[in-house]
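Listed below are the residues making up each chain.
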Amino acid sequence: MAKQGNRSSVIGITSTIPVEIVFAAGLRPVDLNNVFINSSEPERLISQAESAGFSHNICAWIKGIYSTVINHDVKKVIAVTGGDCSNTIALAEILARRGVEIIPFDYPLDRDGDFLRAQIERLSISLSTSWSDVRAARLRLKRIRDKLRELDRLTFIDNVVTGFENHLFLVSSSDFRSDPEVYESDLDEFLIEVGEREPKKDEIRLGYLGVPPIFGDLYEYIESLGGRVVFNEVQRQFSIPYDNEDIVEDYLDYTYPYDAEGRIEDIKRAIKERGLDGLIHYTQTFCFRQLYDIILRENLPIPILTLEGDRPGRIDSRTGIRIEAFLEMLDDRSYNV
Ligand code: SF4
């Protein structure tokens with residue numbers, strides 16, 4: 001797990017939440033998804049949850065979160081019980097019965113600002129912090145969020161950042177690896193380093209849609225075939241890349257917890273702005289979000305390849321062949337236009 005300091009200051013999160021509140025309270029947020037997938041043996045964590053009774057047809061991320069909380073003796077978890085995943089509701093109950101203190105956080109499905117403000121206030125009260133401290137934490141994190149926007153720009157305009165590097169920084173902005181100072185310093189170093197690189201050329205430009213991949217080598221594989229992901233949809237959303245006046249607006253603009261319309265607008269903008277040739281929609285086995293594939297296909301104007309992943313590890317040969325065929329098809333189209 002990320003550097004922990006005082007264990008009682010660690011608070012697990014099951015998905016992106018207004019993390020400003022956690023830092024304002026002097027606590028250390030830990031995104032349990034990232035700890036699970038970056039562990040040395042994520043497959044073992046899944047087996048552990050299955051031995052504890054989680055059935056085969058429950059998504060691997062839920063099992064990974066469960067085992068991570070148990071193994072790291074996480075005492076307190078903020079569970080996103082609205083706007084993320086219905087499995088989290090039952091997972092939170094199981095964890096509560098194992099002695100974990102659960103603090104629920106709900107995003108309103110109808111994007112109601114008053115409801116979201118009330119949720120943010122409720123979380124602030126639960127963590128004994130004030131609006132003025134939250135505002136100060138927001139300003140502090142905004143500086144880092146702006147640097148992440150620069151990293152993203154360097155990915156799709158200057159073409160000096162790989163899809164995987166972009167993914168890694170953006171996906172870990174849900175908790176800033178529990179330590180914004182260290183995170184910012186790593187980011188500063190990275191931004192200096194990429195300034196020296198030669199731009200990448202003549203690639204097939206891809207957008208990656210959906211929850212982060214459970215495959216460890218997806219980006220590497222795509223790049224080995226001449227493609228590059230220049231838009232990581234949900235990971236970018238985790239970084240809250242907006243200029244707003246307050247935290248409620250920030251998390252109303254965050255597209256992931258709400259209906260598909262906001263996502264579609266965001267993706268369409270990226271298709272134009274980033275010159276995308278095609279989209280890869282990653283879906284997780286046993287995840288209800290797979291159904292969004294229908295809506296995305298009906299509403300997005302460029303070719304989409306839908307992939308499905310189940311357990312952690314390298315991409316399987318069938319998935320590899322499908323990616324290869326998709327990239328060949330996009331390559332042929334680019335010659336024919
Ligand atoms: S991948 Fe889907 S089912 Fe699994 S935790 Fe995420 S939202 Fe839930």
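Residues numbered from 1 in each chain as written. Predicted model: local features only at pLDDT ≥ 70, side-chain atom pairs only at ≥ 80, totals over all residues.

## Here we look at the nonpolar core
Here is step 1: Counting residues in each nonpolar core, the largest one holds 83 residues, and the members touching the most others are Ile 65 and Leu 206.
Here is step 2: It is helix H4 (residues 60-71) that provides the largest number of residues to this core, a total of six residues.
Here is step 3: Taken domain by domain, the makeup of this core includes at least three residues from each of domain 1 (7-131) and domain 2 (141-336).
Here is step 4: Not counting the four nearest positions on each side in its chain, Ile 65 is found in contact with Thr 14, Leu 32, Asn 33, Phe 36 and Leu 91. (Core = buried A, V, L, I, M, F, W, Y, C linked by C-beta atoms within 7 Å. Buried ≥ 20, exposed ≤ 12 C-beta atoms within 10 Å, placed from the backbone. Helix = DSSP H or I, 4+ residues; strand = E, 2+ residues; numbered from the N terminus. Domains from an automatic or database assignment. Contact = placed C-beta atoms within 7 Å.)

## Focus: the site of the ligand
Here is step 1: In the vicinity of the ligand, the contacting residues are Cys 59, Trp 61, Ile 62, Asp 84, Cys 85, Asn 87, Val 211, Gln 284, Cys 287 and Arg 289.
Here is step 2: Tallied by class, residues from the shell around the ligand come to six nonpolar, two polar and two charged.
Here is step 3: Residue contributions to the shell around the ligand reach at least three from each of two domains, namely domain 1 (7-131) and domain 2 (141-336). (Near = placed C-beta within 6 Å. Nonpolar A, V, L, I, M, F, W, Y, C, P; charged D, E, K, R; others polar.)

## Some remarks on the domain arrangement of the protein
Here is step 1: Per the domain assignment, the segments making up the protein are domain 1 (7-131) and domain 2 (141-336).
Here is step 2: Across the boundary between the two partners, domain 1 contributes 30 residues, which contact 26 residues of domain 2.

## Looking at the packing of helix H7 (residues 131-156) against helix H9 (residues 180-195)
For any two helices packed against each other, one specifies the inter-axial angle together with the distance between the axes.
Here is step 1: Contact geometry of H7 with H9 gives a least axis separation of 11 Å together with a crossing angle of 25°. By the criterion of interaxial angle, the relationship of H7 to H9 is roughly parallel. The crossing of H7 and H9 is left-handed. Counted together, Arg 140, Leu 141, Ile 144, Lys 147, Glu 150, Leu 151 and Leu 154 of H7 and Pro 180, Tyr 183, Glu 184, Leu 187, Leu 191 and Val 194 of H9 form the full contact between these two elements. (Axes fitted to C-alpha atoms, helices over the stretch in contact; angles between N-to-C directions. Parallel < 35°, antiparallel > 145°, perpendicular 65-115°, else oblique. Left-handed = near helix turned anticlockwise from the far one by under 90°.)

## Focus: the sheet that holds strand E4 (residues 101-106)
Here is step 1: Strand order in the open sheet formed by four strands is E2-E1-E3-E4, and the pairing between neighbours is parallel. The open sheet terminates on both sides in strands that have one partner only, identified here as strand E2 (28-31) and E4. Within the sheet, the average angular offset between the axes of one strand and its neighbour, ignoring direction, is 30°.
Here is step 2: Of the pairings in the sheet, the one linking strand E1 (residues 10-13) to strand E3 (residues 76-82) comprises two bridges and is parallel in character. Paired with Ile 13 across the bridge in E3 is Ile 78. (Pairing = 2+ DSSP bridges.)

## Here's the deal with the sheet that holds strand E8 (residues 304-309)
Here is step 1: Strand order in this open sheet of four strands is E6-E5-E7-E8, and the pairing throughout is parallel. At either margin of the open sheet sits one strand with a lone partner, and together these are strand E6 (227-232) and E8. Each neighbouring strand pair of the sheet contributes to a mean axis angle of 30°, computed without reference to strand direction.
Here is step 2: Pairing geometry for strand E5 (residues 204-209) and strand E7 (residues 278-284), over four bridges, is parallel. Bridge assignment links Leu 209 to a residue of E7, and that residue is His 281.
Here is step 3: Contacts from helix H8 (residues 163-171) reach E5 and E6, with the element oriented near 25° to E6.
Here is step 4: Where helix H13 (residues 260-274) meets the sheet, it contacts E5 and E6, and its direction lies at approximately 165° from that of E5.

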